[in-house]
Amino acid sequence: MPLNATCPACGAPVVFRSAASILAVCEYCQSTLLRQDAAVEDIGKMAALAEDRSPLQLGSEGRYRDVPFTLIGRIQLRYSQGLWNEWYLLFADQHTAWLSEAGGEYVLTSVQPVQEPLPPFEGLSAGQRLQLAGQAWTVTNLETASCVAGEGELPFKVGGGYPVPAVDLKNTRHFATLDYSETPPLLFLGEPVVFDQLAWTRLREGMPLPENVVPVRSFHCPACGAPMQAKSMDSVAAGCISCGAVIDLNSKTQALLSKALKPEAERYTPQLPLGAKGQLDGAALEVIGFLVRQCRVAGRAYDWREYLLVDATGQYRWLIEYDGHWSLARTLPTLPVELGNVRYEGEIFRHFQTTQEVEVIQVAGEFPWRVQRGERSGVIDYVAPPRMLSCERSDKDLTWSVASYLTPQHVAEMFALKAALPEPVGIHACQPNPWLETRNRTWSTAWKLVLAAILLQAVFLLTFGERLWLRQDFDFMPAQGETTSREFVLPKMEKTLRVRNRTSLNNNWMSLDLVLVNKTSGEAWPVTRELSFYQGWDDGHWTEGSASDEVVFQRIPAGTYYLAIEPEIAPEKPEPVNARLEVLGGGVGWSNWVMLALFVLLWPGFAYARAAAFETRRWLESDHPPADADEGDDD
Amino acid sequence: MYIRIARFASLLALVLFAYAQYQGWNLFDDHADSGRGHSGSSRSYHK
């Protein structure tokens, strides 16, 4: 049952809608009212909330797993990297939960009683794995935040400056927070949620376009005096594009997080200007930050450029450019499965590279965390082109992100750039292999055509099988004159007529003058065949030549035929030779089929070789270069 | 483009294959009219 009360300070009505709420902030005079049975006690004024770009407000309504809920309270917290909101939810069935909102990411959790003792805050570190509430977890963030202010009704006492040490845990499906501001600490267990899937109503007026509700902060760089601005109230650091100094936006004196770059320092100019507006899948995006990161491998520096984009709902994306290759990245709300390689969304990502130390070397624009030059982290990359998973780890943070490859043309279209972006150099880790699809499609065509050729060949074998017209044995004697075969009749024209001759020739040679004669017309087709066959032993058995022979006559008309044969046996070895002579019509050979199969497979074979060469070049840049490349390097 | 060329060329090869098989052509056949000796054309023969 809701409790209706009156603010002791201003007399305004105050409603406690949840029985679990013990504190409410008067929305008229910001008095903090503590609930005591049916009465309320004014315990002082609540500090003012910092302006942010949240699309939510008290009274916003949504649905989670088909149960309606209302936002009835909020705690705003500040941590070293920026602001986050914890919204207190009251569901229609009177149970309560928390909706955590940070950088456009949302996580819904509720208190989970645990039997086992929770590990001490000081004993945890980013990347550490632990077992809790029957699940395996990885520590992804450790922070000691402080409460900025609260509003609405809340289940515990809060006030400005109230410290909140907290540890975030993630696994492949769930999210958890250990809240060390209470004794004993509390475990909040839940899962990431997608903003658009919560069926929101009564969102904050003016959202989701941030420029309509957030005033631009304009100021001058304390290092060089150049004009600067911050459009997002979430931003806590800004880099000067003129001198490279990085300013702490939370500092009233605009303290420097990083000094100006030295004049001789290499300085990159963003290819996408700060403030550039673009479209991604119909949603508006704006470039608000630019930073350059660098790593060193074997003494050689590699650097790449990252553009921070924010969309209309306050979600952040990264557009990363390396050697003209682009990729668009977003952080993952849950962890992928690690099994040597990594599985994410059903796809296996292969380990590509581990970079022990990546350093920020240039900062421009605004950022929702206290970025500074010299900030270091370790990065592990896994690829499944066109996507790449990256695990970035610092002392206090472990963040997974997924990036998708983009062509420069795609990026230019996104931001409607007038000038073309530079063409990419080399092959990027997650660049799609252009020959893979070609290989697969040509292979698909090839095997179908080979199958068709097999069927065709079967039809020809059944239709045009060999027909035997004559089989006759001869004994050829040395110095023998011409002899003739028996007559045979061709009932119709033969496109091919084969004369096959198998002899007993051994270590000898002979010549045969053959004439195919039409008995009726006298038309004749002469041919001379020479046969030689030698064999012996010389470090093994060897042979040379053949004792058999076949010759083909083409397009022989119907009629009665015989063969006139004049043998000549080698005079230096005048031995008799036995021969079996066959005359065959039709017949289907396999040589054409083999040639066709080779030709058809040539295309996918070439595409396969090109695809393999592309992959070799890709993996040359990785921690796992192909074995052949290693040998090449050794040479 | 490569895929189109591959498909066109392969289909053409299949048609050629079917025609060659129908005609009884065989790539490695030793033809009497293209072989050695005095072959090359028919002539009248009388015993």
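Okay, so let's go over this structure. (Residues numbered from 1 in each chain as written. Chains lettered and ligands numbered in written order. Predicted model: local features only at pLDDT ≥ 70, side-chain atom pairs only at ≥ 80, totals over all residues.)

Over its 30 residues, helix α3 (residues 591-620) of chain A runs 42 Å from end to end, which matches the ideal 44 Å to within 8%, given 1.5 Å per residue. Listed as buried for α3 of chain A are Asn592, Leu596, Val600, Trp603, Pro604, Ala607 and Arg618 of chain A. Next to the buried residues of α3 of chain A lie α2 (434-463) of chain A together with α1 (2-23) of chain B. (Helix = DSSP H or I, 4+ residues; strand = E, 2+ residues; numbered from the N terminus. Expected span 1.5 Å × (residues − 1). Buried ≥ 20, exposed ≤ 12 C-beta atoms within 10 Å, placed from the backbone. Contact = placed C-beta atoms within 7 Å.)

Residues and elements named next belong to chain A. The pairing of strand β33 (residues 483-484) with strand β40 (residues 559-569) spans 2 bridges and is antiparallel. Note that in β40 the partner of Thr483 across the bridge is Ile565. Relative to β40, strand β34 (residues 488-490) runs antiparallel, the two being bridged by 3 bridges. Looking across to β40, one finds that Leu490 is bridged to Gly559. Sheet topology places strand β36 (residues 508-518) next to β40; 9 bridges connect them, and they run antiparallel. Following the sheet pairing, Leu516 is matched in β40 by Leu563. (Pairing = 2+ DSSP bridges.)

On to the interface of chain B and chain A. Between chain B and chain A, the contact holds 31 residues from the first and 37 residues from the second. For the side of chain B that touches chain A, the secondary-structure elements that each account for two or more residues are α1 and β1 (43-44) of chain B. For the side of chain B that touches chain A, the element with the highest residue contribution is α1 of chain B, accounting for 12 residues. In terms of residue class, the side of chain B that touches chain A is built from 12 nonpolar, 13 polar and 6 charged. (Nonpolar A, V, L, I, M, F, W, Y, C, P; charged D, E, K, R; others polar.)

Between α2 of chain A and α1 of chain B, the shortest axis-to-axis distance is 10 Å and the interhelical angle comes to 10°. One way to sum up the angle between α2 of chain A and α1 of chain B is to call them roughly parallel. Residues Thr438, Arg441, Thr442, Thr445, Ala446, Leu449, Ala452, Ala453, Leu456 and Phe460 of chain A of α2 of chain A touch α1 of chain B, and the partners they reach there are Tyr2, Ile3, Ala6, Arg7, Ser10, Leu14, Phe17, Ala18 and Gln21 of chain B. Taken together, the residues of the contact of α2 of chain A with α1 of chain B sort by class into 12 nonpolar, 5 polar and 2 charged. (Axes fitted to C-alpha atoms, helices over the stretch in contact; angles between N-to-C directions. Parallel < 35°, antiparallel > 145°, perpendicular 65-115°, else oblique.)

A word on the nonpolar core. General note: in soluble globular proteins, nonpolar side chains tend to be found buried as a group. Residue and element names in this part refer to chain A. Leu77, Leu89, Ala237, Ile247, Leu309 and Leu389 are the most contacted members of the largest nonpolar core, which totals 105 residues. Of all the elements, strand β12 (residues 135-154) adds the most residues to this core, at 8 residues. Apart from the residues lying within four places of it in its own chain, the contact partners of Leu77 are Leu83, Trp84, Glu86, Ala145, Ser146, Cys147, Val148 and Val164. Grouped together as the second largest cluster of nonpolar side chains are 26 residues, Leu516, Val517, Leu531 and Ala579 included. (Core = buried A, V, L, I, M, F, W, Y, C linked by C-beta atoms within 7 Å.)

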